[in-house]
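# Coordinates in review
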Amino acid sequence: MSTTGSIPIGAHVDQSDPIAEARAREMPHVQFFLGDPQGYQGPEFRYAGGADALRADAEAAGVGLYVHAPYIVNVATTNNRIRIPSRKLLQQHVDAASSIGARGLIVHGGHVNKDDDPEKGFDNWRKAIEAVDLKLPLLIENTAGGDNAMTRHLDRIGRVWDAIASAEQADLVGFCLDTCHAHAGGNALETVVDDVRRITGRIDLVHCNDSRDEFDSGADRHAGLGAGKVDPDLLAAVVRDAAAPVILETPGGAAEHRADAAWLRDRIA
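Let me sum up the structure you'll find in this document. (Residues numbered from 1 in each chain as written. Predicted model: local features only at pLDDT ≥ 70, side-chain atom pairs only at ≥ 80, totals over all residues. Heavy atoms only, no water.)

### Looking at the pairing of strand 7 (residues 205–208)
Of the two faces of strand 7, the one carrying Leu205 and His207 and the one carrying Val206 and Cys208 are both buried. Summarising the sheet, strand 6 (residues 173–178) and strand 7 pair through 3 bridges and their orientation is parallel. By the bridge assignment, leucine 177 is partnered in strand 7 with valine 206. Sheet topology places strand 7 next to strand 10 (residues 246–248); 3 bridges connect them, and they run parallel. Within strand 10, the position partnered with cysteine 208 by the bridge is leucine 248. (Buried < 20%, exposed > 50% of the residue type's maximum accessible area, 1.4 Å probe, protein only. Helix = DSSP H or I, 4+ residues; strand = E, 2+ residues; numbered from the N terminus. Pairing = 2+ DSSP bridges.)

### Observations regarding unusual backbone geometry
Backbone geometry places glutamate 26, a non-glycine residue, at a positive phi of 55 degrees. A positive phi angle is found at aspartate 216, which is not glycine, with a value near 65 degrees.

### Some remarks on the packing of helix 7 (residues 192–200) against helix 8 (residues 232–242)
Put simply, helix 7 and helix 8 touch, their axes get as near as 9 Å, and they point 35 degrees apart. Of the residues in helix 8, those touching helix 7 at Val192, Val193 and Arg197 are Val238, Asp241 and Ala242. (Axes fitted to C-alpha atoms, helices over the stretch in contact; angles between N-to-C directions. Contact = heavy atoms within 4.5 Å.)

### Topic: the sheet that holds strand 1 (residues 9–12)
Pairing is parallel in the closed barrel, where 8 strands are placed in the order 1-2-3-4-5-6-7-10. Neighbour-to-neighbour, the strand axes of the sheet open up by a mean angle of 30 degrees, direction not taken into account. Taken strand by strand, helix 8 contacts strand 6, strand 7 and strand 10, and its axis lies near 170 degrees from that of strand 7.

### Looking at the environment of glutamate 214
Here glutamate 214 lies in the loop between strand 8 (210–211) and strand 9 (222–223). Exposure remark for glutamate 214: the relative accessible area of 48% places this residue in the partly exposed category. A C-alpha to C-alpha distance of 9.7 Å links glutamate 214 and glycine 185, two positions 29 residues apart in sequence. Dropping the residues within four chain positions of it, glutamate 214 is found in contact with His183, Ala184 and Lys229.

### Topic: the packing of aromatic side chains
For the structure shown, the criterion picks out 2 aromatic pairs. Ring geometry for phenylalanine 33 versus tyrosine 71: centroids 5.2 Å apart, planes at 75 degrees, classification edge-to-face. Of the two residues, phenylalanine 33 is situated in the loop between strand 2 (29–32) and helix 2 (50–61) and tyrosine 71 in the loop between strand 3 (64–68) and helix 3 (80–99); the sequence distance between them amounts to 38 residues. Where tryptophan 161 meets phenylalanine 175, the ring centres are 5.8 Å apart and the plane angle is 65 degrees; that geometry is what we call edge-to-face. With a gap of 14 residues between them, tryptophan 161 in helix 5 (residues 154–164) and phenylalanine 175 in strand 6 connect regions that are remote in the sequence. Overall, the relative accessible area of 10% leaves tryptophan 161 in the buried class. What makes phenylalanine 175 buried here is its relative accessible area of 0%. (Phe/Tyr/Trp six-rings, centres within 6.5 Å; stacked < 30°, edge-to-face > 60°.)

Structure below.
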């Protein structure tokens, strides 16, 4: 398993056999969904032998596991028909990710409706952190689009952190910095690492992705590293400065991910 200096690089992979996917990429860790990323059905284990086997086999292979919560989770919304199922789904995924020994559960920041007071969304994040039994780090990810998003713009990320600071489990809440989302969301990559650290005090994971779209486009469309609209030097600088584990969520399979990892390794060495 190869790493880049002290910065290990992994990738988002299919959930059926994450260990085989890590080996195919020669990577020390991987990220995957547990079940349908667009459904409320709850987590499922597609690995042969289930959760216990995945945990044991990953430990034996020395492969680190990260789980991405479903995209539909939105604990910030004022819509009870979305917020309540979202909180339940988040707890289910916390439990499932913990059961396989995952290093963290990544979740998007969510949004409120156009006419809502954003303060309600921030407070709903606090309520979620107080209500969910966090058994592993919950890594809130910045998002690319939406004027009503909780974690697109830095000031809103700050308000989320202010809100959850009083929650008992605040120390288990971390941050996942997505480079495509930051670029598309209108956050300068030249300063985003320092900006986020000033707000959250931490960056626990980096989703290193290029973007198919221009700065501040609000569009969440990932590209292979060096194949998009993000300055290659800035991509590398974010990874270097964040000094956190990396997940590639770039297009393609094992060969493409190996190439992206080599591209990044050459620039941060």
